[in-house]
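Below are the chains, spelled out letter by letter.
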Amino acid sequence: MSTSSVTTATQGAAPPSPGQAADARAALVAALAGQLPAHALLLRDDETTSYECDGLAAYRQRPLAVCLPENEQQVVAVLRACHALGLPVVARGAGTGLSGGALPLAGGVTLSLARLNRIQSIDPVARVALVQSGVRNLAISEAAARHGLYYAPDPSSQIACTIGGNVAENSGGVHCLKYGLTVHNVLQVRGYTVEGEPITVGSLAGDSAGPDLLAAVIGSEGMLMVVTEVVVRLIPRPQLARCIMASFDDLRKAGDAVAGLIAAGIIPAGLEMMDKPMTVAVEAFVHAGYDCEAAAILLCESDGTPEEVAEEIEHMSAVLQGCGATAIAVSRDEAERLRFWSGRKNAFPASGRISPDYYCMDGTIPRKRIADMLQAIQAMEREFDLRCVNVFHAGDGNLHPLILFDANEADQMERAEAFGAKILETCVEMGGSITGEHGVGVEKINSMCVQFSAEEREQFLALRRAFDPDERLNPGKNIPSHARCAEYGRMHVRRGQLPFAELPRF
C-alpha cells in the first residue's frame, strides 16, 4: 500500500476542496477572535508545513490550521470553537512519536501544546512533580536533581519529547524493566474533553475510587481527552550505577541470556540487546567501545548502593558467562557507563548514516522468543530483499527492528511496509503484541486487525465514544474500522500470505 493511500484512508474522508478549506479557516478565525492571539493561529501553508508529520515522516499531511495556545483558557477556547464548527482536533506535543499518532488531518486542526511548558511545582517530600503537558521529559529530571530525585521513564527522545506525548503513547525507555512505563510513574492527569469540559483522572493518593480511568487515558493516543497537566512520581537517584557489556558469538545464546537473567531473580535497571549490524553502525557513529565482532551484545545495568551494585554485577556476570558470553566488560566509572548507553541511545541516528531511509518498527514478544524472532527477521530480509538492524528493550521483549531502504528506489517503501507488517504478525504468532511503546497511530492500524477480533475492536470504540461520541479527537487512528480490516484480510489473500483471521490470538 502506498504512503498516500494509507494517509487518505486514515482520514476516513476526502480532503476538503480549496473553497471548503478557506471557508473553514475563516470560520475558525472568527470563532477564535479575541480568544487566541493572532501569532498563535497558523493558517498559511508555509506556516503549517513543519507540522505535517511526526517522527514517522513517511506519512505527511498539512492541517487546516495549527493552534498554539499559551494557557489552558486558550486550549478550552480552541476545543469549544472546533466542537461548534465540527472540526476534528489532533493534539500534538514535540512531534517525536514514531507511529504517526500526531499526523494531521487535511480538514482538521492541529492543537500544539508545546507552549504549555512550565514545571508548576516539585514536592520533594511527597516525591511528585506537577508539570504542564509540554514540559520535556528530561527537563523534569533536571529540575528535580537538586532534591536528589528524578523521573524514571527515559525514552531515547527524552531530550525533546514532552510528558504529554509520553502519556499519549505510554512511553518507556531503556530503564523501564526495573522502573516501569509512563503508566507506572504518573499519578494524575488533568485536561479537557473534546467539548472543552475539564476532566481529571487518577489521584494523588495511592488509589482512586471507581474504574481505573488513568490507565485507560495513558496510552490512548489523544483519543479520549486533551491533557494539559500531569502529576508524575519522582524517585531517589541511586548512589551508584554500573553497566555490563556482554558479547555473544551466537544470537540464540544472547537471547537465552536475557531469559536466564530474569529466571535467576535479577531485575536489571536496564537490559538492552543489539545485533552485530546495529552494533557496527553505532560504534562507527559514537565510538562507545562496543565489540563489533560479536553476533550480539547485551547492556545490563545495576543501580543502588555500592554494596548492592557490587553484588548484583557479580551475580549478573556469572549468569551471562554461564549462558555463553564470550567477553564481559564492566564500566569502570560514570563516564564509561554513559558511553556504553550513548551507543544505545543513538541507535536510530546511527542507522540514518548507513541508509537513505529507515523504518523503525516496534513490537513485543515473550523474552524466550528473542532468538526465534531475530532468525525470523533474517529470513524476512531475504524475502523482501532489504536489510534490517535490530535493537531490543530485551528485558521486556520490546523489539525495535530498523528496516533500511531507499525511498527513491521503485517499490522499496512498499516492500519496507510489507516487511514491517510481517514482523508485527510474527510478534502476534509468538504470543506478543504489535506495539510496545510507540503506539498504533496510523503505522500499525492495519495490524490491529491481526491482533484483535471485531468484537474486541468494537469494545475499544465503545470506550472511545464514552469520552468522544462523535470521534473528533484524533480520528482515524489506533482503532481500524470493520471495512478496513476486511480489506486488509483480502490484501493478505491476494499476496498469498496467511489470512489474518487464521493467526492465533493470545
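As a reminder, the structure under discussion sits directly above these lines.
Let me begin by describing the structure that accompanies this report. Values in this document were obtained by computation on a predicted structure and should not be read as measured data. (Residues numbered from 1 in each chain as written. Predicted model: local features only at pLDDT ≥ 70, side-chain atom pairs only at ≥ 80, totals over all residues. Heavy atoms only, no water.)

## Description of the overall build of the chain
Heads up, the rule is: Strands are runs of DSSP state E lasting at least 2 residues, helices are runs of H or I lasting at least 4, and numbering of each runs from the N terminus. Radius of gyration here is computed from C-alpha atoms only, and the compact-globule reference equals 2.2 Å multiplied by the residue count raised to the power 0.38. Remark: exposure states derive from per-residue accessible area (1.4 Å probe, protein chains only) relative to the maximum for the residue type, with buried under 20%, exposed over 50%, and partly exposed in between. Here, two residues are considered to be in contact whenever any of their heavy atoms come within 4.5 Å of each other. The sign given to each residue is positive for Lys and Arg and negative for Asp and Glu; His and the chain ends receive no count. In this description, the location of a charge corresponds to atom NZ of lysine, CZ of arginine, CG of aspartate or CD of glutamate.
In terms of helices and strands, the chain carries 18 helices and 19 strands. Computed over the C-alpha atoms, the radius of gyration of the chain is 23 Å, within 12% of the 23 Å expected from 2.2 N^0.38 for a compact globule of 506 residues. When the backbone C-alpha atoms are referred to their principal axes, the chain occupies close to 70 × 60 × 45 Å. When the 506 residues of the chain are sorted by exposure, 55% land in the buried category. For the chain, the proportion of contacts with a sequence separation of at least 24, taken over those separated by at least 6, is 72%. Looking at charge distribution, the chain has the averaged site of its 43 positive side-chain charges lying 2 Å from that of its 60 negative ones.

## Observations concerning the sheet that holds strand β4 (residues 109–112)
Worth spelling out the cut-off: DSSP bridges decide pairing: two strands pair if at least two such bridges lie between them. Simply put, an axis is a line fit to the C-alpha atoms, just over the touching stretch for a helix, and the angle between two N-to-C directions goes from 0 to 180 degrees.
Spatially, β1-β2-β4-β3 is the arrangement adopted by the four strands of the open sheet, whose pairing is mixed. The sheet is open, and its two edges are formed by β1 (41–42) and β3 (89–92), each paired on a single side. The strands that helix α4 (residues 72–85) touches are β2 (65–67), β3 and β4; relative to β4, the one it contacts most, it runs at about 165°.

## A few points about the nonpolar core
Put simply, the test is: Take the buried residues of types Ala, Val, Leu, Ile, Met, Phe, Trp, Tyr and Cys, join any two whose side-chain atoms come within 4.5 Å, and each joined set is a nonpolar core.
Core analysis: the largest hydrophobic core is formed by 59 residues, its most contacted members being M273, L298, L320, I403 and F419. Top contributing element to this core by residue count: helix α15 (residues 412–429), with nine residues. Beyond its immediate stretch of four places on either side in the chain, L298 contacts I244, M245, A246, F248, A254, A257, V258, E272, M273 and L320. Counting residues in hydrophobic clusters, the runner-up holds 27 residues, among them A21, V78, A81 and L473.

## A closer look at a negative patch on the surface
Quick note on the threshold: For patch detection, residues must exceed 30% relative accessible area and be free of salt bridges, and they are connected within 9 Å for like charges or within 5 Å for nonpolar side chains (Val, Leu, Ile, Met, Phe, Trp, Tyr). Using a 1.4 Å probe, accessible areas were evaluated by the Shrake-Rupley method; residue-level cover was limited to the displayed protein chains. Salt bridge, as used here, is a side-chain nitrogen of Lys or Arg placed within 4 Å of a carboxyl oxygen of Asp or Glu.
A surface patch of negative charge is lined by E307, E308, E311 and E314. Along the chain, E311 turns up in helix α11 (residues 306–322).

## Side note on the packing of helix α14 (residues 370–384) against α15
Quick reminder of the rule: If an angle is under 35 degrees, it is roughly parallel; if it is over 145, roughly antiparallel; if it lies from 65 to 115, roughly perpendicular; otherwise it is oblique. Note on convention: near helix rotated counterclockwise from far helix by under a right angle means a left-handed crossing. Clockwise means right-handed.
Where α14 meets α15, the axes come as close as 11 Å, and the angle between the chain directions of the two elements is 155°. Compared by their axis directions, α14 and α15 come out roughly antiparallel. The hand of the α14/α15 crossing is right-handed. Here M373, A376, I377, M380, E381, E383 and F384 of α14 come into contact with α15, specifically with R415, A418, F419, K422, I423, T426 and C427.

## Let's talk about the packing of aromatic side chains
For clarity, the cut-off: Centre distance within 6.5 Å is the pairing criterion for rings of Phe, Tyr and Trp, where only the six-membered ring of Trp is used; planes under 30 degrees apart are then read as stacked, over 60 as edge-to-face, and the remainder as tilted.
For the coordinates displayed, the defined rule picks out four aromatic pairs. Ring geometry for Y150 and Y179: centres 6.5 Å apart, planes at 80°, overall edge-to-face. Remark: Y179 occurs in helix α7 (residues 176–179) and Y150 occurs in strand β7 (residues 149–150); sequence separation between them is 29 residues. On the accessibility criterion, Y150 (12% relative accessible area) is buried.

## A short note on the pairing of strand β13 (residues 270–275)
The buried fraction of β13 amounts to six of the six residues, a majority that puts the element mostly inside the structure. With burial as the criterion, each face of β13 is covered, one bearing G270, E272 and M274 and the other bearing L271, M273 and D275. Pairing between β13 and strand β14 (residues 296–304): six bridges, direction antiparallel. The residue bridging G270 from the neighbouring strand is E301, located in β14. Sheet topology places β13 next to strand β18 (residues 387–393); two bridges connect them, and they run antiparallel.

## Quick notes on the state of the cysteines
Rule in force here: For the purposes of this analysis, a disulfide is any pair of cysteine sulfur atoms at a distance within 2.5 Å.
Summed over all chains, the structure comprises one disulfide. Take C67: it sits in no disulfide, and the sulfur closest to it among the cysteines is that of C82, at 5.9 Å. Here C67 falls in the buried class, since its relative accessible area comes to 0%. Cysteine C300 shares no disulfide, and the gap to the nearest cysteine sulfur, in C243, comes to 7.0 Å. A relative accessible area of 0% places C300 in the buried class.

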